[in-house]
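Coordinate analysis (summary)
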Amino acid sequence: MPLFRANIDKKGRLIRAAGAVALAVAAAALWPESRVLAAALGLAALFVGFEASRGWCALRACGLKTKF
């Protein structure tokens, strides 16, 4: 059984990719104000981008239902 088996469809991947971009933009915008918050948002963007690229959702892997 693969560790990160795909559990979302194309629509879910696109939504997560858009979320990753939004988080990255927010991190870049907040960098001058709060580097700690910007770094946290940047890490979140990387994780959500990983989910989008693999077609895998951490919440679904934990048994929670997501809409997409």
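Predicted model, so just to flag it, every value in this text is computed and none were measured. (Residues numbered from 1 in each chain as written. Predicted model: local features only at pLDDT ≥ 70, side-chain atom pairs only at ≥ 80, totals over all residues. Heavy atoms only, no water.)

1. Details of the overall build of the chain
Scanning the chain for helices and strands turns up 3 helices and 0 strands. Helices and strands in the chain line up, N terminus first, as α-α-α. Considering only C-alpha atoms, the chain reaches an extent of 40 × 20 × 20 Å along its principal axes. With 68 residues in all, the chain has 22% of them scored as buried. (Helix = DSSP H or I, 4+ residues; strand = E, 2+ residues; numbered from the N terminus. Buried < 20%, exposed > 50% of the residue type's maximum accessible area, 1.4 Å probe, protein only.)

2. What about the environment of A27?
Structurally, A27 can be placed in helix 1 (residues 10–30). What makes A27 buried here is its relative accessible area of 9%. For the pair formed by A27 and G42, sequence separation is 15 residues and the distance between their alpha carbons is 5.5 Å. For A27, the contacting residues outside a window of four places in its chain are A38, L41 and G42. (Contact = heavy atoms within 4.5 Å.)

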